[in-house]
Structures are given as C-alpha cells and as structure tokens.
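Read off the chains here:
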Amino acid sequence: MTRKPRATRRGGKPPANAASPGDLTEAQARREIARLSEEIRQHDAHYFTRDAPVVSDADYDALKQRLIALEEAFPALRQADSPTQTIGAPPAAAFSKVRHQVPMLSLANGFSADDIAEFFGRVRRFLGLPPETGLEVVAEPKIDGLSLSLRYEDGRLAQAATRGDGETGEDVTANVMTIADIPHTLAGKNLPRQIEVRGEVYMTRDDFLALNQAQKDAGRPLYVNPRNTAAGSLRQIDPTITASRPLHFFAYAWGALSAPQASTQMAFLERLEEWGLRRSPHTRLCQDEQQAQDHYDALVRLRPDLPFDIDGMVLKVNRLDWQGRLGAVSRSPRWAIAWKFPAEQTRTVVERITIQVGRTGALTPVAMLRPVTVGGVVVSRATLHNEDEIARKDIREGDTVIIQRAGDVIPQVVSVVLDKRPKDSRPYPFPTTCPECHSHAVREDGEVVRRCTGGLVCPAQAVERLRHFVSRNAFDIEGLGEKQIEAFFADGRIRTPADIFTLETRDGQIGPPLAERDGWGKTSAGNLFQAIAARRRMPLDRFINALGIRHVGLTTARVLARRYGDARSWVVAMTEVAGGNEAAKAGLLDIDGIGETVAHALADFFGEDHNLDVVNDLLQHVTPEPLAVVAKDSPVAGKTIVFTGTLARMSRDEAKARAEALGAHVAGSVSARTDIVVAGEKAGSKARRAAELNVQILSEDEWLTLVGEEA
Ligand code: IVH
C-alpha cells in the first residue's frame, strides 16, 4: 500500500532527534526498523481503512524517510514485507472524475438497542404514525467493502464510479467490467431507460488470505485487510490486474432512476436480483423492532462464519413512499441507520512493552503485539495507558492477551489469559528513567502519569519546552514563534534555550545562513537577531517562568523572584533545596504562595544536573533583572484586587504586574476578601458579584488615578 505521492518535507518526528544510521549498531538498527515498520503499518491502516490518518503527512513522510535511510545503511535488515516495499496504488489523477447524478449518502450509526429504539421513534414521529400502524424495516448485513455506483442505460453498463466524496467519484468502468458479479447487460424486459445501481465491492476472507499467502511467498508486502485490498484492486490502472483479483459485488440501493420499479425496499431488491445482480444473503424483512433485534443477534452470531467481513446491520424503512417523505438530513437518509456491532475481540501475544515519551514528558507504555486482525485491521500495538493500568491488569511481556478495537479508537488490552502465561514471566518493571534522555522519571502524589524530568534536554520534549520558552509570558521574542522554533529545531539551529542567544554568532555554521533559508531574507534575519539581542536582559520572573518547571508558572515565578531577588541567589537556594538542605527548604516553604507541590517540583528540577547546565548556560547569555522593589507605602499595598472586563490602556497581564509591583495581591475571582474590583469594558458577573458584596468598584481611569498614573 502506498499513500498518494506528496512532497517529502523535513522536520518530521524521527530525523529531528535520531542518530544518523551510520552511528547505530546492527542491533539498534534492527530494533528501530521493527518499530518504524510497525508504526508505519499502523498509520497506513488508519489512512486506508478509516480514512482517518492520525499523523500529519509530514510526520508520516519523516517516518518513512528514516526507515528508507536505515534500510539503505543495513540492507541485510530489509524485510520482505517492509512498508518501503510498497504496493503501487495508482495516483488518483489517473482516473477521470464522475459526478453522481444523485449523491451517494452515508449512514447514521447506532451502537445500542436504545439507539435503534430512538430510530424507530424518530421515524414514527416524523411520519406521524399512530401506535397501531406497523413499521416494517428491511435488515441487511452491512458489508465492509467499498461502495460503487453502476449506471445502466437501456440495460447496458455505461459507467461505474467509486463513491469519492459522495458527490464526485472516480471512473473505474474498465476495471468493473472485469468483475464477474457485475452483469454488462441487465436481464429481463421492461428495464428502466436509466438506473444507477449502488452496492458494495468486497473480497472474501478466504480470497484475501490466499492473496496474502501468495504475496508472502513472492517476498512482497502484505495487505492489511480485505476491504483495503478490494479498494486497492479496484483502483489499479491496469484492468488486467483488477481482473486477476477475486472481487465481488452486492447491490443494495439505487441513485438516479428513470421510472419507479417497486413500492418497497424488499421488492426493489428482488427486482435487482431478477436483472442478474446479486444481493446480500441474510437480508430479512422485519415487522417490528423486536424482529430487528432478533436478526441483529443472529448476525452477530453468524459473523465469524460468514465468508466476508461485515461490521454491522443496516435497517431501512421498507415503504419507498415513506423513504421519500423521510428524506435526508445532511449526508445521511432519515429512513436508514447502521447498527454497528460491538467491538471485536481477539487473542494475541504481548511480545514487548515499550515506553513512549510524549511532548509533555508523560511516559506511556505501549504493548507491542504479535500482529492480528481485529475489527478489520491488522493490529500490532495497543496502548497500556499508564503503570497503574499495567499493574491492575498485571500485563507482562510474553502474556497472551485479549484485545479489542471499539469503533475507530486505538486498540485496547482487555485482559490477560492467565493459563497461557509463560512459567518464567515476571511483572513488568515500569522504568523510573526516561528511555529517551535517561533523566529521572517521577510520579507525583495523586498522579497516574510518570513524567520525565529531562525537560529541555529530553528530545521528546525539547520542541514543546522551547515553544514555552519563547512564549508571551516568557522570553516573547518577536519573529521567533512556534513555527520558527519547530523549523530551527528540525534543522539543528536551536536545540537548547542558550542556542537562541548564539544563533547569530553561529549563523552559517549549520546549513546556509539564515538570510538564505526558505522564507527568510537579510532584513527578517537581521530583525530576528535584533529581537533576540533585546532579550538579553529579562525580568527574573519571566526568566524563571521560561524554564518550564512543573507547577511554576508566571505567578509562582514572580513570588520566587521577589523572595530571592536575583538569579544567582535563587539558583543557589534551589540547588540547596534539591540537595536536601533543610534550612533552604524551610525558607522556600515559608514563602506565601509556595506549598509542597511547588517545592517538590523545584527540587526535582534542580536535582538534575542537566537542568542546572541549561540554566547556567543560559545565564552566560542572559541577565535576569530583579523585580522592582515593592512600594510598601503605595495606596494599594496589601490589598486584594480583581481585574475584570477589557482594559483599554494595558493588557490584563501588564495591569496585574503593575498592581503587584505596588504591593497588591491580584486574585482571579471576587470574594468577601476582595478589596477592589477594577471593571473594564464589558465587565460581567464579577462586577455584579462585587456590587452584591459591597466591594469597591473602580473604573480603569479611577484605578490609574489611585495608583498615581495619569488616567
Ligand atoms: S445503504 C443511502 N446498505 O455503508 C444509503 N450501505 O456507512 C446508502 N454499506 O457508504 C447506503 N452495506 O458503503 C447501505 N446494506 C447496505 C450496506 C451499505 C454496506 C456501506 C456503504 C455506505 C456505508 C455507509
């Protein structure tokens, strides 16, 4: 399977922080190739079977490029079924577009008997049916294939088109002509002058397995599932290839129609059959909801033994005049519903448990599974959520487990099959260090997630941390936003905060000078260097906030900055706290607004040498400035103030900073303890609450006068 060709972009996930292939040992390369292959296969499955990719194209391309590079460096490790040995699917542009005369709709989904009862209720209400009037529905298996529209003119197959976006599909007439189930001419007399027959193209499970066996024998890549394979087969440029693939077709609906053919869904299906089209077995006319439920139960039981994949049961109002009255809302008819089957479960083996590090440092365990098909796709990994989940279910490497996919979500491990547990199995020891950067991974009280403390040095977190570093309440460097940080990280210009301040002196050493980079010129590069230079002095609170220490945001940073005065004193004190110095810790906890959580977070941060390195490196380039001395005799010293509404003269952040500089305490909500509410424009509930509590309310101008600034 290959995706549509697209430009390959740099800057995706693995190349950003991965070792160059030449630097890897064979064992390392083997592991990475296995991991990448699995990941790419998963993404392919998402992309092809669900039309719902979970990664950006750029990230996907980056994974693939990395795999190609590794396989080139280690040709012996290239697997026959590697996703780099892709099956050529033709570009979409190879087929001409066909506009459907009547759009191809999709179906609303129901997941429970309640949903189906609601469907019956909705239909009855819409049609105004009295309780004694019956509501017949046709129940059909929901075939897991791809829908196709066949236009017959005077009984001859004139054109076949895929669904596409529902309005416009692709002309696959030549390929469809090779499918034995689809007659080139309709049988019988009194055929409509024109009809669009709609139905599902599918491949049987046996044919799918045989095809995959042949692929395997020939050392070619394997297909993901029958549905996918049917789709790929239909979209071959060369019809002889399609002809060699065993495709089938069931008819179940129609689009444009020159003359009515029946008055019920069931009669129409029979008509289609008379013309030589096949319809799905296990289709039943149900007199009421109970019969629909019975048929659903029967299909659930039949499902594992059916020759083709089905993923639910479709209910359709039988009377076509009623279908007409019901019509459609948005993209699906009101007269039909797809009743999906419960999540399919299956057994497989947990070959390994690996740990993924997220952008915020969260360690997520992932079960690497022996690949199995469940719910129509091959699954080779499942999330294990966190260490408590592993402990609760006691999931171990080597265990046989039951997994399921519910709807479109990531597969889950339901339980362990204990009597299949290997004798030498051991509980999984959850790592206490980060697999990416080897920093400590800690778990805070009351938290389920274990987090890497590597912060700025952890490759998994670096970009996120750098983004925070340059954000508005931190270094706020003009021209250096999220986009630029990502790009500069990818090309190696900026890996740590200190790199920002040597960007100019190193310019031209990594790749071309910035002025020659895409999207940059002399002026913009010069402006950026200037903006960076302007931040070599920085208020201490913003400097502390920029470090991204857990639980230390701007407010806490300000409290710390006030207490410790200058950067050096603060760093020394924090290092002492981390080293277990009780006096230093007591001093920290003494500060109003600092509790155990913050103290812990600071100790964790400064307990890591690499964090200290980052701070010290940064201090080589940046001079944090002590905050303005708090005016003890200001009219608002010690008062609690709440700002609300839109301020005209300054941002809320700035107003807050100034109030604090004057010794006020700024709170977020109004209470009896509030002394002053400053109400800007469109002040809402907070101003009302202040009035109720008899708290003094000032306009922005009155406030500025009070604190001695010109209004
Ligand atoms: S009727 C106007 N009947 O399910 C309603 N669809 O989720 C058109 N499908 O795109 C669809 N079996 O590809 C209908 N017996 C069946 C079906 C069926 C499978 C597919 C079809 C459609 C999708 C909607």
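Residues numbered from 1 in each chain as written. Predicted model: local features only at pLDDT ≥ 70, side-chain atom pairs only at ≥ 80, totals over all residues. Heavy atoms only, no water.

All right, on to the site of the ligand then. In the neighbourhood of the ligand, the contacting residues comprise Leu105, Leu107, Glu140, Pro141, Lys142, Ile143, Ser147, Glu200, Tyr252, Val314, Lys316 and Pro333. Interatomic distance of 3.4 Å between a backbone N/O atom of Pro141 and a nitrogen atom of the ligand. One of the side-chain nitrogen or oxygen atoms of Lys316 is found 3.0 Å away from a nitrogen atom of the ligand. For the ligand, whose free accessible area comes to 520 Å², the fraction covered by protein is 87%. Contributions of two or more residues to the shell around the ligand are made by strand 3 (137–143) and strand 10 (310–317). For the shell around the ligand, the element with the highest residue contribution is strand 3, accounting for 4 residues. (Near = heavy atom within 4 Å. Polar contact = N/O pair within 3.5 Å; in protein donor to acceptor, adjacent residues only side chain to side chain. Areas by Shrake-Rupley, 256 points an atom, 1.4 Å probe, with all protein chains shown as cover. Helix = DSSP H or I, 4+ residues; strand = E, 2+ residues; numbered from the N terminus.)

It is worth spelling out the side chain of Thr383 at this point. Here Thr383 lies in strand 16 (residues 377–383). Note on Thr383: relative accessible area 17%, which makes it buried. With sequence-adjacent residues up to four places away left out, Thr383 is seen in contact with Thr364, Pro365, Ile410 and Pro411. (Buried < 20%, exposed > 50% of the residue type's maximum accessible area, 1.4 Å probe, protein only. Contact = heavy atoms within 4.5 Å.)

Strand order in the open sheet made by the 4 strands is 24-23-25-26, with parallel pairing throughout. The outermost strands of the open sheet, each flanked by one partner alone, are strand 24 (665–667) and strand 26 (696–699). Mean inter-strand twist for the sheet, computed between neighbouring axes without regard to direction, equals 30 degrees. As paired strands, strand 25 (residues 676–679) and strand 26 are joined by 4 bridges and run parallel to one another. Bridging from a neighbouring strand, Val678 pairs with Leu698 of strand 26. (Pairing = 2+ DSSP bridges. Axes fitted to C-alpha atoms, helices over the stretch in contact; angles between N-to-C directions.)

Moving on, we come to the environment of Ala628. With respect to the helices and strands, Ala628 occurs in the loop between strand 22 (623–625) and strand 23 (640–644). Residue classification places Ala628 among the exposed positions, given a relative accessible area of 52%. In sequence terms Ala628 and Leu466 are 162 residues apart; their C-alpha atoms lie 27 Å from each other.

Mean pLDDT over the chain works out to 88, with 92% of the residues at or above the 70 mark. Residue range residues 1–16 is modelled with pLDDT below 50. Its contacts to residues more than four positions away, or to other chains, number 45 contacts. Contacts from residues 87–92, a stretch scored under 50 in pLDDT, to residues over four places away or in other chains number 16 contacts. (pLDDT = per-residue confidence, 0-100.)

Right, let's talk about the sheet that holds strand 4 (residues 146–153) for a bit. Reading across the sheet, the 4 strands line up as 5-4-7-8 and stay open at both edges, with antiparallel pairing between neighbours. Pairing within the sheet leaves two strands with one partner each, and these edge strands are strand 5 (156–162) and strand 8 (248–257). Strand after strand, the sheet turns through a mean of 30 degrees between neighbouring axes, direction not considered. One ladder, built from 6 bridges, connects strand 4 with strand 5; its direction is antiparallel. In the strand pairing of strand 5, Arg151 is matched with Gln159. Contacting strand 4, strand 5 and strand 7 (194–202), helix 7 (residues 226–234) runs over the sheet at an angle of about 40 degrees to strand 4. Here helix 9 (residues 265–274) sits on the sheet in contact with strand 7 and strand 8, set at roughly 115 degrees to strand 8.

A few words now on the packing of helix 19 (residues 567–578) against helix 21 (residues 596–606). Contact pair helix 19 / helix 21: the axes reach a minimum separation of 8 Å and the direction vectors enclose 95 degrees. When the interaxial angle is binned, helix 19 and helix 21 end up roughly perpendicular. The segment helix 19 lies against helix 21, with Trp570, Val571, Met574, Thr575, Val577 and Ala578 engaging Leu602, Ala603 and Phe606. Each residue belonging to the contact of helix 19 with helix 21 can be placed in one class, and the counts come to 8 nonpolar, 1 polar and no charged. (Parallel < 35°, antiparallel > 145°, perpendicular 65-115°, else oblique. Nonpolar A, V, L, I, M, F, W, Y, C, P; charged D, E, K, R; others polar.)

Another point: the packing of aromatic side chains. Aromatic rings considered in pairs are described by the distance between their centres and by the relative angle of their planes. Scanning all chains against the criterion turns up 15 aromatic pairs. Between Phe119 and Phe120, the aromatic rings sit 5.9 Å apart at their centres with planes inclined by 80 degrees, giving edge-to-face as the arrangement. The same class applies to Phe119 and to Phe120, which are both buried. Look at Tyr296 and Phe341: their rings are 5.5 Å apart centre to centre, the planes differ by 45 degrees, and that puts the pair in the tilted class. Linking Tyr296 in helix 10 (residues 289–302) with Phe341 in the loop between strand 13 (336–340) and strand 14 (344–357), this pair joins segments that are 45 residues apart in sequence. (Phe/Tyr/Trp six-rings, centres within 6.5 Å; stacked < 30°, edge-to-face > 60°.)

Attention now moves to the pattern of salt bridges. Side chains that differ in sign of charge can pair as their charged atoms come close. All chains considered together, the criterion is met by 43 salt bridges. For Arg392, the salt bridge goes to Glu389, with nearest N and O atoms at 2.9 Å. In this pair, Arg392 and Glu389 are both assigned in helix 12 (residues 387–393), 3 residues apart and thus about one turn of the helix distant. The buried category is assigned to Glu389, whose relative accessible area is 14%. A network of salt bridges, in which partner residues are shared, links Arg359, Glu464, Arg467, Glu482 and Glu486. (Salt bridge = Lys/Arg side-chain N within 4 Å of Asp/Glu carboxyl O.)

Once that is clear, we can look at the pairing of strand 3. Burial analysis of strand 3 places 7 of its 7 residues in the buried class, the great majority of the element. Relative to strand 9 (residues 284–286), strand 3 is paired through 3 bridges, and the arrangement is antiparallel. Across the sheet, residue Val138 finds its bridge partner in strand 9, namely Leu285. Relative to strand 10, strand 3 runs antiparallel, the two being bridged by 7 bridges.

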